[in-house]
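Geometric and topological summary
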Amino acid sequence: MSQLELVSSQKLFDGAHNQYQHESVANNCLMTFSVFLPPQANAENKVPVLYFLSGLTCTDENFAVKAGAQQWAAKHGIALIMPDTSPRGEDVPDDLEDDYAFGQGAGFYVNATQKPWKTHFNMYDYIVSELPKLIEANLPVSDKKSIFGHSMGGHGALVIALRNSKAYQSVSAFSPIVNPVETPWGQKAFFNYLGDHLNSWLVYDACHLIKEGNNQLPMLIDQGLDDDFLEEELLTDNLIEAAKEAGYKASINYREGYNHSYFFIASFIESHIDFHASHLK
């Protein structure tokens, strides 16, 4: 197991917001992630964990700085884990057309099977296996965890939770890409990372996973009605229909006047952390 290198540490709401680096086996590169440890966390009191997966172009820092989540995590005694969105570095391939929705900053939380991406782009294994093992071995946290995310990260959170429902207590998302096999962003990413076999795409599509009857776990979705990406890339109505078809009990809310930004996340972050806290405890 790789070793954690502490990059920075800030006191925040009587807890600690730390940024770490480590050599990732899954992604074959140096990865960065942030952790907020609430004041309740210590060697004798290991706290539960809430993972946040960010969206396109983001790093581990966007949510940490903009969402205002740490105060609510401190209130509930929950550790926040904020990974990067993709592998990075000079040896990591990137989109030659400089498309922000593909390549570095756009890992889509899949395990790539196609060259040149498969050497580094294995964010699914990184989030599901490598990072939790590393964190639980080195930090005062328990193995009890939930997961949420935004946009591409909302897609990742839903897929990971649905495919590993016994490993997570709950899942939520802001403005998630719920049906990527039907969207321009998802189709470009999946074709390049996974090839042209539809079956390899479907296991990374939340609507398909719900229709296939993956085990239920508590789910909360918030989506802004003024989101510019709603009709072409997010397709929230498809998730509502999939949940109805499968009898999946999910709380899916449309929020009037809100867009795709971190202003939207900050407006509802307290309710999402309250939601996860009720299941983590």
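The preceding data block contains the structure.
Residues numbered from 1 in each chain as written. Predicted model: local features only at pLDDT ≥ 70, side-chain atom pairs only at ≥ 80, totals over all residues. Heavy atoms only, no water.

Here's the deal with the overall build of the protein
When you go through the protein residue by residue, the secondary structure sums to 10 helices and nine strands. The C-alpha atoms of the protein give 17 Å as radius of gyration, which agrees with the globular expectation for 281 residues (19 Å, within 12%). Overall size of the protein, expressed as C-alpha extent along the three principal axes, is 50 × 40 × 35 Å. Buried positions account for 58% of the 281 residues belonging to the protein. For the protein, the share of sequence-separated contacts (at least 6 apart) that also reach a separation of at least 24 residues comes to 72%. Counting only carbon and sulfur atoms, one obtains 46% of the accessible surface of the protein, whose full area is about 11700 Å². Taking the 18 positively charged and 35 negatively charged side chains of the protein as two groups, their mean positions are separated by 10 Å. (Helix = DSSP H or I, 4+ residues; strand = E, 2+ residues; numbered from the N terminus. Rg over C-alpha atoms; globule rule 2.2 N^0.38 Å. Buried < 20%, exposed > 50% of the residue type's maximum accessible area, 1.4 Å probe, protein only. Contact = heavy atoms within 4.5 Å. Areas by Shrake-Rupley, 256 points an atom, 1.4 Å probe, with all protein chains shown as cover. Lys, Arg positive; Asp, Glu negative; His and termini not counted. Charge placed at Lys NZ, Arg CZ, Asp CG, Glu CD.)

Describing helix 10 (residues 262-280)
If you look at helix 10, its biggest bend is around 50 degrees, right at F268. Every buried residue belonging to helix 10 is among Y262, F264, I265, F268, I269, H272, I273, F275, H276, A277 and L280, and all of these are buried. For helix 10, the capping residue at the N-terminal end is S261, with a side-chain oxygen 3.1 Å from the backbone nitrogen of F263. (Bend = angle between axes of the 7 residues up to and from the residue. Polar contact = N/O pair within 3.5 Å; in protein donor to acceptor, adjacent residues only side chain to side chain.)

A look at the environment of L202
Structurally, the position occupied by L202 is in helix 6 (residues 198-202). As for L202 and Q216, which are separated by 14 residues in sequence, their C-alpha atoms are 18 Å apart. Excluding its chain neighbours within four sequence positions, the residues that come into contact with L202 are V181, H208 and L209.

Brief notes about the pairing of strand 6 (residues 141-150)
With respect to burial, strand 6 is a largely interior element, eight of its 10 residues being buried. Alignment of strand 4 (residues 47-53) against strand 6, held across six bridges, turns out to be parallel. Across the sheet, the residue bridging to F52 is F148, located in strand 6. In terms of strand pairing, strand 6 meets strand 7 (residues 171-174) through four bridges, oriented parallel. In the sheet register, I147 faces strand 7, and the bridge partner there is V171. Read from strand 6 through helix 4 (residues 152-163) to strand 7, the crossover connection turns out right-handed. (Pairing = 2+ DSSP bridges. Right-handed = clockwise from strand over helix to strand, strands pointing away.)

Details of the nonpolar core
Residues F33, F108, I127, I147, F190 and Y193 are the most contacted members of the largest nonpolar core, which totals 71 residues. With residues near it in sequence (within four places) discarded, F190 still touches F108, V110, H155, P180, V181, G195, W201 and Y204. Core analysis: the second largest hydrophobic core is formed by 24 residues, A64, M82, F148 and I269 among them. (Core = buried A, V, L, I, M, F, W, Y, C linked by side-chain atoms within 4.5 Å.)

Quick word on a negative patch on the surface
Side chains of E231, D237, E241 and E245 sit close together on the surface and give a patch of like negative charge. Of the residues forming the negative patch, the biggest block, three residues, is contributed by helix 9 (residues 236-246). Here E231 lies in helix 8 (residues 230-234). (Patch = residues over 30% accessible without salt bridge, like charges linked within 9 Å, V, L, I, M, F, W, Y side chains within 5 Å. Salt bridge = Lys/Arg side-chain N within 4 Å of Asp/Glu carboxyl O.)

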